[in-house]
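# Structural description and commentary
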Amino acid sequence: MARGGFMKLILKVTSGPDAPRSFVIEAGKEVQVGRMAPAQILLANDPTVSRRHFALVFDGQNCRIRDLGSTHGTTVNGLPVSESLVTEGDLIMAGTTGLLVVIGEDFTTEALPPAPDAPPPIELAPTVFAGVETQEHEVLEPTIHDRVLEILRSQKEPLFAILDAARDPIVHLRIYECPEQKQSLYEGPEAARLAFVAPYLISLPKRSPFLERLVREGWGKSWGVYLTCDRPFEEVRKHLRRFLTVELEWKSTKVLFRFYDPRVLRKFLPTCTPKESLEFFGVVQKFLLEAEETTEVLEYRNNTPLVHAARTTIEGTAR
């Protein structure tokens, strides 16, 4: 980007727990963005931001971004980057926090990074989110991931996932980044209002890189469930929407039914009567989900009077 005059770069926090805020970056400095010191720009309230997430270098005309080995990666306009040029109007995503790049001659900002010779900021305690101390997300051993991927990719019918954005902020981030066909199970104003906590249906081609990322990051964390169906996306979504709420007979009131949580589904399906099973499966051939032990895959089929799980034990050890 070429401009005349003395330019400053502003990062405007447009989404996430720390919005709205703005930070100025002077020319000639490298500024680190993260959840904790020694990062100069702190996004302390977003547990999906790494301690040192990414760095920006602005020379007065151009700005470069460099990921600092963050746990969940850095994207610019939805594309993952390790190092890249950023220009005015670009949207940087770090965790669930969105930062808009603005370049101009003069701005009023809420907070400035400290000068290079200033003493380092006092290290903050780990951020507490929803009563749980923030930690980096653990992953399972690759041998387990590979086996789960093999099972999912071996299905004859088209594969879908229902992901629960309310489960963890990183789930909504991954849904946002997903390049495959996707849509909230909610509709209308409710879909926009509850975007960060909604269940999402996602179509998953068997060789989709997103499927692999989903398994490697989310298996064992109750992010959602998988299913197979040979019907069009909209027909599958229409069927699943029927079960977002259920009526409790003894209360004559409707409540949310989180059937897309594997902990709920693996308790519900074995209790179904043949009629309930037929109604719930509908167009769905099969549900696949993690068992209590993440080294097992549960497979529920729609071809028996009573629903029983077929268990596949995976070699490998979860950590």
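Data block above holds the structure.
A short tour of the structure in this document, coming up. For every chain, the first residue of its written sequence is number 1, and the numbers climb from 1 along that sequence. Two thresholds apply to this predicted model, a pLDDT of at least 70 for residue-level local features and 80 or more for giving and counting side-chain atom pairs, whereas whole-chain, interface and lining totals are computed over all residues. The side-chain numbers reported here are obtained from all heavy atoms of the structure, hydrogens and water having been left aside.

Every buried residue of helix α4 (residues 209-218) is accounted for by Phe210, Leu211, Leu214, Val215, Glu217 and Gly218. Here a polar contact is recorded for every N or O atom pair within 3.5 Å, except that within protein the pair must consist of a potential hydrogen donor and a potential acceptor, and residues adjacent in sequence are included only if both atoms are side-chain atoms. Secondary structure elements follow DSSP: runs of H or I of four or more residues count as helices, runs of E of two or more count as strands, with numbering from the N terminus. N-cap assignment for α4: the residue whose side-chain oxygen lies 3.1 Å from the backbone N of Phe210 is Ser208. Just past α4, the residue Gly220 takes up positive phi, approximately 95 degrees. A 1.4 Å probe rolled over the protein chains alone gives each residue an accessible area, and that area as a share of the maximum for its type sets the label: buried under 20%, exposed over 50%, partly exposed in between.

For two strands to be treated as a pair, DSSP must find no fewer than two bridges joining them. Ordered by their spatial adjacency, 6 strands build an open sheet running β2-β1-β11-β10-β7-β8, and the pairing between neighbours is antiparallel. The open sheet is flanked by β2 (21-25) and β8 (79-81), the only strands paired with a single partner. The average undirected angle you get between the axes of adjacent strands in this sheet is 30 degrees. Of the strand pairs in this sheet, strand β7 (residues 74-76) and β8 are connected by 3 bridges, and their pairing is antiparallel. Bridging across to β8, Thr74 finds its partner in Val81. Between N-to-C directions, angles span 0 to 180 degrees; the directions come from axes that are lines fitted to C-alpha atoms, helices contributing only their stretch in contact.

Its location among the elements puts Pro199 in strand β16 (residues 199-204). Pro199 sits in the buried class, given a relative accessible area of 0%. As a C-alpha pair, Pro199 and Asp261 span 62 residues in sequence and 9.5 Å in three-dimensional space.

Glancing now at the pairing of strand β6 (residues 63-67). Side chains Cys63, Ile65 and Asp67 project from β6 onto a buried face, and the interleaved Arg64 and Arg66 project onto a face without burial. Two successive antiparallel strands, strand β5 (residues 54-58) and β6, enclose a turn made up of 4 residues, where Gly60 displays a positive phi of approximately 100 degrees.

Another aspect to go through is the pattern of salt bridges. What counts as a salt bridge is simple: a side-chain nitrogen of Lys or Arg found within 4 Å of a carboxyl oxygen of Asp or Glu. Tallying each qualifying case throughout the model produces 21 salt bridges. Between Arg258 and Asp164 there is a salt bridge, with the nearest N and O atoms lying 2.1 Å from each other. Of this pair, Arg258 sits in the loop between β19 (253-256) and α6 (262-268) while Asp164 sits in strand β14 (residues 159-164); the two residues are 94 residues apart in sequence, bridging distant segments of the chain. Across the salt bridge formed by Glu177 and Arg174, the nearest N and O atoms sit 2.8 Å from each other. Of this pair, Glu177 and Arg174 are both found in helix α2 (residues 169-177), 3 residues apart, which corresponds to roughly one turn of the helix. Look at Glu177 and you get buried, because its relative accessible area is 12%.

Here we come to the packing of aromatic side chains. Here a pair means two rings of Phe, Tyr or Trp (six-membered ring of Trp) with centres within 6.5 Å. Their orientation is stacked below 30 degrees between planes, edge-to-face above 60, and tilted elsewhere. Applying the stated criterion across every chain yields a total of 11 aromatic pairs. Where Phe257 meets Phe259, the ring centres are 5.7 Å apart and the plane angle is 55 degrees; that geometry is what we call tilted. Judged by its relative accessible area of 11%, Phe257 falls in the buried class. Plain terms: the ring middles of Phe280 and Phe287 are 5.5 Å apart, the flat faces sit at 25 degrees to each other, and that makes the pair stacked. Residues Phe280 and Phe287 agree in their burial class; the two are buried.

Further remarks concern unusual backbone geometry. Look at the link from Ala19 to Pro20: it is a cis peptide, with omega at -10 degrees. Examined against the element boundaries, Pro20 turns out to sit in the loop between β1 (8-15) and β2. Here Ala37 and Pro38 are connected by a cis peptide whose omega angle stands at 15 degrees. Among the secondary structure elements, Pro38 is positioned in the loop between β3 (29-34) and β4 (41-42). Phi is positive for Ser222, close to 60 degrees, though the residue is something other than glycine. With respect to the helices, strands and loops of the structure, Ser222 is situated in the loop between α4 and β17 (224-228).

To continue, consider the nonpolar core. Soluble globular proteins: nonpolar side chains tend toward being buried together. Residues Ile162, Leu204, Tyr226, Leu227, Phe259 and Phe287 are the most contacted members of the largest nonpolar core, which totals 58 residues. Apart from residues lying up to four places away in sequence, Tyr226 is in contact with Leu152, Leu159, Phe160, Ala161, Leu204, Leu211, Leu214, Val215, Trp219, Lys286, Phe287 and Leu288. Definition of nonpolar core: a set of buried residues of the types Ala, Val, Leu, Ile, Met, Phe, Trp, Tyr and Cys, connected through side-chain atoms within 4.5 Å. In terms of nonpolar packing, the next biggest core, distinct from the first, is built from 24 residues, Val33, Leu43, Val101 and Ile103 among them. What makes two residues a contact is simply this: any of their non-hydrogen atoms within 4.5 Å.

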